[in-house]
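Examining the three-dimensional arrangement
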Amino acid sequence: MAPPPTELIDDVTAEILLRLRPDEPEHLFRAALVCKPWLRVLCNPDFRRRYRAFHGAPPLVGLLHRLQVLQGSPADRFASTTKMPDFPRPSSHGSHAVPLDCRHGRALIQMWGSVGETRLVYLVWDPVTGDRRVVPMPDIDWVIQTAAVFCAADGCDHLDCHGGPFRVAFMATDDDGVHVKASVYSSETGVWSTPVSLGSDCECYAKHVEDVIREHGYHLPYVHPRRVAVIGDEIYFTLRENHAIVKYDGGNNRLSMINPPPHSAYGITLMVMDDSSLGFVCIEGSSLYVWSRKVNSEGAAEWVQCRVIELKTIVPVVDPGQVPLVVGSAEGVGAVFISTDAGLFTIELKSGRVRKVDGPGEYFSVLPYMSFYTPDRGRLLSLARADDL
């Protein structure tokens, strides 16, 4: 009897390998070392497309950390949340390298331009492929900022973003401390959009300023340097006082304000919910509260409390008096990051599953790196390939 054709063997092998968990990519790499036929299957672009479609949202494979502002520069590493080795951080000149965002297969880092320069730039880095693009910062004097990087490919489902066009959004309080400004960079045009301001001409903003002055006696419209939420062309970020939410409408190049849900928490996180609505997560006492901004039957948006999770019995602490902090979220997998004196943990909102992903630290904004990590990608391909096929 003649042996089955290679195509049939490859199809059967692919069906088996498709079932390997994407959040344990080391299994794919071990499979690639078994034999050349398996390596051929795993490195076939069609397998990557099928693997992505089979599993849906890309898994969390690593973290960049933004520490408390007063705690100095973050540790010079990219922490893996799987058994794969840590990705090496891009080298920077001097010690000023600040991670700002991870999204759609890319990381955004602020760093010095080159040796001897005093000019800050953005580095857009793909940890899987190693691709690096330097983006000049906008010509705006600022005192505090946040920024985001996101895919700009038309029709992309953002399940496996590598290469292709991207955008960088810059949101900051200007150097005079009076206005909040925003601008967006396009990798296709290589230029920043005309800056737009949120100032006293915005009624909600003016009211917010009055409230701050009345309560504290001073005016601090400081942009909160945390990871933002991106929903289509809309980017959401917060101001430091009372966590007022600012929306940047990229399609119309416009800034506006949104009141947050009622809360008394110090630390909050914005996130994208499963239905693509804006989420707001905070901890009050020992409970985690999850809000979602829904559109009601009359077409008006309102905050709806959708989850309350008691943390005492599920998130470890060393000191019972220590208050956990919510320090980030991972879209697509419905998880938030909780920091305690026992470490950094993820909580899956639907299942309540808790997993420790790093040791204790002064976390301020956890930046999740999510991507399908397969042997056909980037620098690890050479480790799996014994010789050219």
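Residues numbered from 1 in each chain as written. Predicted model: local features only at pLDDT ≥ 70, side-chain atom pairs only at ≥ 80, totals over all residues. Heavy atoms only, no water.

As annotated in an unreviewed UniProt entry, the chain carries the name F-box protein AT5G49610-like beta-propeller domain-containing protein and comes from Urochloa decumbens.

So, on to the overall build of the chain. A tally of regular secondary structure across the chain gives six helices and 23 strands. Evaluated residue by residue, the chain yields a buried proportion of 50% over its 389 residues. Excluding contacts between residues fewer than 6 apart, the proportion of contacts in the chain whose partners are at least 24 apart in sequence is 52%. About 18100 Å² of surface is accessible on the chain, with carbon and sulfur atoms providing 51% of the total. (Helix = DSSP H or I, 4+ residues; strand = E, 2+ residues; numbered from the N terminus. Buried < 20%, exposed > 50% of the residue type's maximum accessible area, 1.4 Å probe, protein only. Contact = heavy atoms within 4.5 Å. Areas by Shrake-Rupley, 256 points an atom, 1.4 Å probe, with all protein chains shown as cover.)

Glancing now at the pairing of strand S6 (residues 132-136). Across five bridges, strand S5 (residues 120-125) lies against S6 in antiparallel orientation. For Trp125, the partnering residue across the bridge sits in S6 and is Arg132. If you look at the hairpin formed by S5 and S6, you'll find six residues sitting between the two strands, and Gly130 has a positive phi there, around 85°. (Pairing = 2+ DSSP bridges.)

Quick look at empty space enclosed by the protein now. Here the structure, examined in full by the defined rule, presents three cavities of 30 Å³ or more. Counted as a void, the largest cavity has a volume near 120 Å³. Lining the largest cavity are 15 residues, with Arg226, Arg227, Val228, Thr269 and Leu270 positioned closest to its centre. At the level of elements, strand S12 (234-238), strand S15 (268-272), strand S19 (325-330) and strand S23 (363-370) are the ones that each hand at least two residues to the lining of the largest cavity. Residue classes in the lining of the largest cavity are distributed as seven nonpolar, six polar and two charged. (1 Å grid on protein atoms, 1.4 Å probe; cavity = no way out; pocket = protein on both sides within 12 Å on 5 of 7 lines; lining within 4 Å. Points joined across faces, edges and corners; volume = space filled by probe spheres on them. Nonpolar A, V, L, I, M, F, W, Y, C, P; charged D, E, K, R; others polar.)

Here we take up a negative patch on the surface. A cluster of acidic residues, Asp139, Asp141, Asp175 and Asp176, forms a negative patch at the surface. With respect to the element layout, Asp139 can be found in the loop between S6 and strand S7 (142-151). (Patch = residues over 30% accessible without salt bridge, like charges linked within 9 Å, V, L, I, M, F, W, Y side chains within 5 Å. Salt bridge = Lys/Arg side-chain N within 4 Å of Asp/Glu carboxyl O. Lys, Arg positive; Asp, Glu negative; His and termini not counted. Charge placed at Lys NZ, Arg CZ, Asp CG, Glu CD.)

Counting residues in each nonpolar core, the largest one holds 20 residues, and the members touching the most others are Ile235, Phe237 and Leu255. Mapped onto this core, the elements with two or more residues apiece are S7, strand S8 (166-174), strand S9 (180-186), strand S10 (196-198), S12, strand S13 (245-249) and strand S14 (254-258). If one sorts the elements of this core by residue count, S9 sits on top with three residues. Aside from chain neighbours lying at most four places away, what touches Leu255 is Val180, Lys181, Ala182, Val196, Ser197, Leu198, Phe237, Val246, Lys247 and Tyr248. (Core = buried A, V, L, I, M, F, W, Y, C linked by side-chain atoms within 4.5 Å.)

The full count for this structure, using the stated rule, is six aromatic pairs. A ring pair is formed by Tyr51 and Phe372, whose centres lie 5.8 Å apart and whose planes are at 75°; its orientation type is edge-to-face. Taken together, the residues Tyr51 in helix H4 (residues 45-55) and Phe372 in the loop between S23 and helix H6 (381-384) connect sequence positions 321 residues apart. Both residues of the pair, Tyr51 and Phe372, belong to the buried class. For the pair Phe170 and Trp192, a centre-to-centre distance of 6.4 Å together with 80° between the ring planes defines the contact as edge-to-face. Here Trp192 lies in the loop between S9 and S10 and Phe170 lies in strand S8, a separation of 22 residues in the sequence. For the pair formed by Phe170 and Trp192, the shared burial category is buried. One aromatic cluster is present, built from ring pairs that chain together Tyr122, Phe170, Tyr185 and Trp192. Here Arg226 stacks its cationic end above the ring of Phe364, 4.5 Å away from the centre of that ring. (Phe/Tyr/Trp six-rings, centres within 6.5 Å; stacked < 30°, edge-to-face > 60°. Lys NZ or Arg CZ within 6 Å of the ring centre and 35° of its normal.)

Hydrogen bonds along the backbone pair up the strands of a sheet, which may run parallel or antiparallel. Spatially, four strands are ordered S11-S12-S13-S14 in an open sheet, and the strand pairing comes out antiparallel. Edge positions in the sheet fall to strand S11 (229-231) and S14, since each of these pairs with one other strand and no more. Adjacent strand axes in the sheet meet at a mean angle of 25°, parallel and antiparallel pairs treated alike. Where S13 lies against S14, five bridges are found, and the strand directions are antiparallel. Residue pairing for S14: Tyr248 is matched across the bridge by Leu255. (Axes fitted to C-alpha atoms, helices over the stretch in contact; angles between N-to-C directions.)

Our next topic: H4. Looking at H4, one finds that the buried residues are Phe47, Arg48 and Tyr51. All buried residues of H4 lie within an arc of 100° about the axis, which places them on one face of the element. Where H4 begins, the capping side chain belongs to Asn44, and its oxygen is found 2.8 Å from the backbone nitrogen of Asp46. Count one or two residues on from H4 and you reach Gly56, which has phi positive near 80°. (Arc of directions from axis to C-beta. Polar contact = N/O pair within 3.5 Å; in protein donor to acceptor, adjacent residues only side chain to side chain.)

Another point: the sheet that holds S9. With antiparallel pairing, the four strands of this open sheet are ordered in space as S7-S8-S9-S10. With partners counted over all chains shown, the strands left at the sheet margins are S7 and S10, one partner each. Strand-to-strand twist in this sheet, taken as the mean axis angle between neighbours without regard to direction, amounts to 20°. As paired elements, S9 and S10 share three bridges and run antiparallel to each other. By the bridge assignment, Ala182 is partnered in S10 with Val196.

Turning our eyes to something else, we now look at unusual backbone geometry. If you check the backbone angles, His158 has positive phi at about 60° while not being a glycine. When you line up the elements, His158 lands in the loop between S7 and S8. A residue is classified by how much of its surface remains accessible, and His158, at 28% relative accessible area, is partly exposed. At Asn253, a position not held by glycine, the phi torsion is positive, near 50°. Within the fold, Asn253 resides in the loop between S13 and S14.

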